[in-house]
Amino acid sequence: MTESINVSVQDPHSYSNINEIRTKHLSLDLEINFENKTMYGVARHQMSDSKANTAIFDINGQVIQKITIGKKGAEKEADFVIGKIDSDSILGQPLVVSIPRGTKYINIYYQTTDRCDALEWIEAENTASGKYPYLYSQGQAILTRTWIPLQDSPSNRFTYDATLHVPKGLMALMSAENPKYKSPKGIYHFEMNLPIPSYLIAITVGDISYKALDKQCGVYAESPMLNRAVKEFQDLPRMIDAAEMLYGPYAWGRYDVIVQHKSFPFGGMENPMLTFINPSIVAGDGSLVSVIAHELAHSWSGNLVTNESWNDFWLNEGFTVYIEHRIMEELYGKELSNTLCEIEHYELVQELKSIASSSHPEDSRLYLSLKGRNPDDGMTSVAYVKGAYFLKTLEATVGRKKMDGFVKDYFQYYKFKTIRTEIFHTFLNKKLLYPNNIEFNTDEWFYLEGLPLNSIAIKSKRLELMRDYADQTNRGDDIFAQVERYRWVKIKGKNKKRKESYMEQLDIKNFNTQEWQTYIRNLSLRIDTTHLDQIDQYAHFSEANDELKFEWFLLNIKKENRSIRSKLRVFLIETGRRKYILPLYRALCLNSKDKVWAKQVFNEAKGGYHSVSRNSISAVFD
Ligand code: BES
Ligand code: ZN
């Protein structure tokens, strides 16, 4: 054991000494064993030229068998020590390898364990088709180190290749050029020839099929989901066209999407060449496809130009939300993109309130200071929405034309590089603000808490109507009741009209998911529960898509309306997306009776959650 090793200078979440020596190319050779839920094999690192006499990697949960130095076949064993685990085990451990100066090849032989949190192993009976087991990984922010020993910092980019040995009958996919058919022998080879940060290495293995959307993109899924997903994502080729038109060529060749297992903890994850999507996004009516636009947008912001550390997370996500809205506007019009934007503003305002009264009020700054903390703590709507509002406010100030030119130049200039707030600030001044003589309160946006006063406000007209409906409901009116109306109809054969009465009822289908979401959010907690039950009998929010189910359940939990319990229980067991289940558990825990019930449900459900969701929810019960 060594003494504790310091984290790297530019990245508080990695022990690696990337300032001295860096991986340039990673070559994986792994056997995927579903019986004992482990992977074992070797991670061969090809290093930069360096005079360093140690190379430090991040690990978390693996067993290291041996480390060798030299090209494959001509290897010599090397000494290594594993450093102390940090007290709350967020970062894992430094793996310190002694190397002769000028070492080029470091090969780490290892095996994963059940403590490797990136990996979710799923038994056959819990998959969509029920026949074969399934595996996927989630690397962001610092979980790639739990299944590959590597320098796990977004500030280093490298290329990779991988050979995977999987059971026959299964397809293996990675964030790389992917197969379209199963390999009869269960051996797959992957190449990612463009340099990427470690958090974007990803794997999925299962009974997966593929269907093309066009030449460049398509959908992977377990077969029961495939056709539905292809229909849901049919606009994807047009989204790619729109993004390229705005921000320059798509750099990654293919863009495919895989509909993940239902336990997937996020709505989507932008793994290059293969976005992972939560199955709840396949809602049946295209109502949640903005998540696809979002992950696609990361092909520029995040994957091409990457945050240097998780303190600069807003440079990934703020830009991505901004671009997501631009893509949505191109395809579906300004009203829908304004709707999304206004809804997110509401979420930001709520989050800013809770951050202001938390133990870390500084978390409402765009530039974060997450040293010593879990980078997950920075995953708030500050990075996403405050980040996007910064860019929208900037756009409103300089004009769309200049803004578009600037963002396009930014991606061109920093492509395949990493970026931090300070560098972005300099680039912004030099390329946009100084040449156009524009004063902008950039420092306030980046370094101060809260939302600056000059932030633009975006309003959607249709949402106003929904708030109006909510007000009517809050006053006790039944907006779904049939009402008698009159119209004039022509009398046959005569040149006269007569008044005719007819019954009219509000049609749920006249409004989209985001509009109903706004309606629910504006319902008052003073409405009595029988009225809520009546609304649901007509509107079926508790049986709608996951976004609406979530809003409905949250409101009903706050109202202590226990008639929803059986549906809520199913939802909590069947859904893995943290954005939904974590706030529901939190709301349940505010009431001691509901807390007992929630704990029972959690105990039943937790085996089916990915560690990302499971760990966050466990903390709620502590
Ligand atoms: N890259 C994120 C997901 C992520 C962030 C995982 C940080 C781990 C750490 C992804 O692009 C994302 O933002 N997903 C959102 C989509 C939404 C904003 C449209 C999600 O999952 O909710
Ligand atoms: Zn994102």
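Residues numbered from 1 in each chain as written. Chains lettered and ligands numbered in written order. Predicted model: local features only at pLDDT ≥ 70, side-chain atom pairs only at ≥ 80, totals over all residues. Heavy atoms only, no water.

**Q** Give me the overall build of the protein: which residues, what numbers.
**A** The helix and strand tally for the protein stands at 17 helices and 23 strands. Radius of gyration (C-alpha) of the protein: 26 Å, near the 25 Å computed for a compact globule of 622 residues. Oriented by its inertia axes, the alpha-carbon framework of the protein measures out at about 100 × 65 × 55 Å. Across the 622 residues of the protein, 58% fall into the buried class. A separation threshold of at least 6 residues defines the contact pool for the protein, and within that pool the share at least 24 residues apart is 70%. Accessible surface, the protein: about 26,500 Å² in total, of which carbon and sulfur atoms supply 48%. (Helix = DSSP H or I, 4+ residues; strand = E, 2+ residues; numbered from the N terminus. Rg over C-alpha atoms; globule rule 2.2 N^0.38 Å. Buried < 20%, exposed > 50% of the residue type's maximum accessible area, 1.4 Å probe, protein only. Contact = heavy atoms within 4.5 Å. Areas by Shrake-Rupley, 256 points an atom, 1.4 Å probe, with all protein chains shown as cover.)

**Q** For empty space enclosed by the protein, give the residues involved together with the corresponding values.
**A** Taken as a whole and judged by the stated rule, the model has two cavities of 30 Å³ or more. Taken as a whole, the largest cavity holds about 60 Å³ of empty space. Contributing to the lining of the largest cavity are Asn-556, Ile-557, Glu-560, Asn-561, Arg-562, Ile-564, Arg-565, Leu-568, Leu-588, Asp-594 and Trp-597. Looking at the lining of the largest cavity residue by residue, the class counts come to five nonpolar, two polar and four charged. The volume enclosed by the second largest cavity comes to roughly 50 Å³. Lining the second largest cavity are Tyr-250, Trp-252, Tyr-255, Glu-270, Asn-271, Pro-272, Met-273, Thr-275, Glu-295, Ser-299 and Asn-303. (1 Å grid on protein atoms, 1.4 Å probe; cavity = no way out; pocket = protein on both sides within 12 Å on 5 of 7 lines; lining within 4 Å. Points joined across faces, edges and corners; volume = space filled by probe spheres on them. Nonpolar A, V, L, I, M, F, W, Y, C, P; charged D, E, K, R; others polar.)

**Q** Before we move on, can you summarise the coordination of the zinc ion (ligand 2) with the specific residues and values?
**A** Metal coordination angles have textbook ideals: 109.5 degrees for a tetrahedral set of four donors and 90 or 180 degrees for an octahedral set of six. The zinc ion (ligand 2) binds to the protein through His-294 (NE2), His-298 (NE2), Glu-317 (OE) and Glu-317 (OE); the donor distances cover 2.0 to 2.7 Å. Read in sequence order, the donor residues coordinating the zinc ion (ligand 2) give the pattern H-x3-H-x18-E. In this structure, His-294 and His-298 share a single accessibility class: buried. (Donors = N, O, S within 2.8 Å, 3.2 Å for Na, K, Ca; no water.)

**Q** Hey, could you go over the domain arrangement of the protein for me, with residue numbers and the actual values?
**A** Segmenting the protein into domains produces domain 1 (1–191), domain 2 (207–299), domain 3 (309–447) and domain 4 (461–621). Tallying the contact residues gives 25 residues for domain 1 and 24 residues for domain 2. For the pair domain 1 and domain 2, the two sides together bury roughly 2,100 Å², of which 58% comes from carbon and sulfur. Counting across the domain 1 and domain 2 interface gives one salt bridge. Measuring nitrogen to oxygen at the nearest pair gives 2.6 Å for the salt bridge that ties Lys-182 to Asp-207. (Domains from an automatic or database assignment. Buried area = accessible area lost by both parts, 1.4 Å probe. Salt bridge = Lys/Arg side-chain N within 4 Å of Asp/Glu carboxyl O.)

**Q** Tell me about the sheet that holds strand 17 (residues 255–259), and name the residues and values.
**A** Spatially, five strands are ordered 15-16-17-19-18 in an open sheet, and the strand pairing comes out mixed. At either margin of the open sheet sits one strand with a lone partner, and together these are strand 15 (208–212) and strand 18 (268–269). As paired elements, strand 18 and strand 19 (residues 274–277) share two bridges and run antiparallel to each other. Opposite Gly-268, over in strand 19, you have Ile-277 as the bridge partner. (Pairing = 2+ DSSP bridges.)

**Q** Any details on the packing of aromatic side chains? Residues and values, ideally.
**A** Inspection of the entire model under this criterion finds 53 aromatic pairs. An angle of 40 degrees between the planes, with centres 5.5 Å apart, marks the rings of Tyr-410 and Phe-411 as tilted. Summarising the burial analysis for this pair, Tyr-410 and Phe-411 share the class buried. Where Phe-550 meets Tyr-580, the ring centres are 5.4 Å apart and the plane angle is 40 degrees; that geometry is what we call tilted. Of this pair, Phe-550 sits in helix 13 (residues 546–558) while Tyr-580 sits in helix 15 (residues 578–589), placing them 30 residues apart in sequence. (Phe/Tyr/Trp six-rings, centres within 6.5 Å; stacked < 30°, edge-to-face > 60°.)

**Q** Please set out the side chain of Lys-386 residue by residue, giving values where relevant.
**A** Secondary-structure assignment places Lys-386 in helix 6 (residues 381–398). Buried and unpaired, Lys-386 has no salt bridge, with Glu-444 as the nearest side chain of opposite charge at 8.0 Å. From its side chain, Lys-386 meets the backbone oxygen of Leu-448 in a polar contact 3.1 Å long. Apart from residues no more than four positions distant in its own chain, Lys-386 is found in contact with Leu-348, Ser-364, Arg-365, Leu-366, Ser-381, Trp-445, Leu-448, Glu-449, Gly-450, Leu-451 and Pro-452. (Lys, Arg positive; Asp, Glu negative; His and termini not counted. Polar contact = N/O pair within 3.5 Å; in protein donor to acceptor, adjacent residues only side chain to side chain.)

**Q** Which residues make up the site of ligand 1, and what values go with them?
**A** Every one of the 17 residues lining ligand 1 counts as a neighbour, but Gln-140, Gly-267, Glu-270, Glu-295 and Tyr-384 are closest to it. Within the side chain of His-294, one N or O atom sits 3.0 Å away from an oxygen atom of ligand 1. Taking Glu-317, its side chain carries an N or O atom lying 3.2 Å from a nitrogen atom of ligand 1. Considering ligand 1 on its own, with 530 Å² of exposed area, one finds that the protein chains cover 91% of that surface. For the shell around ligand 1, the leading source of residues is helix 3 (residues 290–297), giving three residues. Taken together, the residues of the shell around ligand 1 sort by class into seven nonpolar, six polar and four charged. (Near = heavy atom within 4 Å.)

**Q** Tell me about the nonpolar core, and please be specific about residues and values.
**A** One finds Met-174, Phe-233, Phe-390 and Phe-424 to be the most contacted residues of the largest nonpolar core, which totals 154 residues. When neighbours within four sequence positions are excluded, Phe-390 is seen to be in contact with Trp-314, Leu-366, Phe-424, Leu-428, Phe-440, Thr-442, Trp-445 and Phe-446. (Core = buried A, V, L, I, M, F, W, Y, C linked by side-chain atoms within 4.5 Å.)

**Q** Lay out the packing of helix 4 (residues 313–332) against helix 7 (residues 400–414) in plain terms, naming residues and giving numbers.
**A** In helix packing, the relevant descriptors are the interaxial angle and the interaxial distance, both defined with respect to the helix axes. Taken N-terminus to C-terminus, the directions of helix 4 and helix 7 make an angle of 130 degrees; their axes are 13 Å apart at the nearest point. With respect to each other, helix 4 and helix 7 are oriented oblique. The chirality of how helix 4 crosses helix 7 is left-handed. Here Leu-315, Phe-319, Tyr-322, Ile-323, Arg-326 and Glu-329 of helix 4 come into contact with helix 7, specifically with Arg-400, Met-403, Asp-404, Val-407, Tyr-410 and Phe-411. (Axes fitted to C-alpha atoms, helices over the stretch in contact; angles between N-to-C directions. Parallel < 35°, antiparallel > 145°, perpendicular 65-115°, else oblique. Left-handed = near helix turned anticlockwise from the far one by under 90°.)

**Q** So what's going on with the environment of Leu-164? Which residues, and what values?
**A** With respect to the helices, strands and loops of the structure, Leu-164 is situated in strand 11 (residues 157–165). Taking the C-alpha atoms as reference, Leu-164 lies 54 Å from Thr-529; in sequence the two are 365 residues apart. Beyond its immediate chain neighbours, meaning those up to four positions away, Leu-164 contacts Leu-30, Ile-32, Ala-172, Met-174, Gly-186, Ile-187, Tyr-188, Phe-190 and Ile-203.

**Q** I'd like a description of helix 11 (residues 513–521), backed by residues and values.
**A** Among the nine residues that make up helix 11, nine are buried, leaving the element largely enclosed by the rest of the structure. When helix 11 is considered as a whole, its buried residues turn out to be Thr-513, Gln-514, Glu-515, Trp-516, Gln-517, Thr-518, Tyr-519, Ile-520 and Arg-521. Among the structural elements, helix 5 (334–356), helix 10 (461–474), helix 12 (529–539) and helix 13 are those in contact with the buried residues of helix 11. One side-chain oxygen of the residue at the start of helix 11 lies 3.1 Å from the amide nitrogen of Gln-514, identifying that residue as Asn-512.

**Q** Tell me about the sheet that holds strand 6 (residues 80–82), and please be specific about residues and values.
**A** Read from one edge to the other, the open sheet built from three strands follows the order 3-7-6, with strand pairing classed as antiparallel. The sheet is open, and its two edges are formed by strand 3 (54–59) and strand 6, each paired on a single side. Here the average twist between neighbouring strands, direction ignored, is 20 degrees. With six bridges connecting them, strand 3 and strand 7 (residues 93–98) associate as antiparallel partners. Across the sheet, the residue bridging to Asp-58 is Pro-94, located in strand 7.

**Q** Please give an account of the environment of Thr-144 that cites residues and values.
**A** Within the secondary structure, Thr-144 sits in the loop between strand 10 (134–137) and strand 11. A sequence separation of 56 residues divides Thr-144 from Leu-200, and the C-alpha atoms of the two residues are 8.2 Å apart. Residues contacting Thr-144, with those up to four places away along its chain left out, are Gly-139, Leu-150, Asp-152, Ser-198, Tyr-199 and Ile-201.

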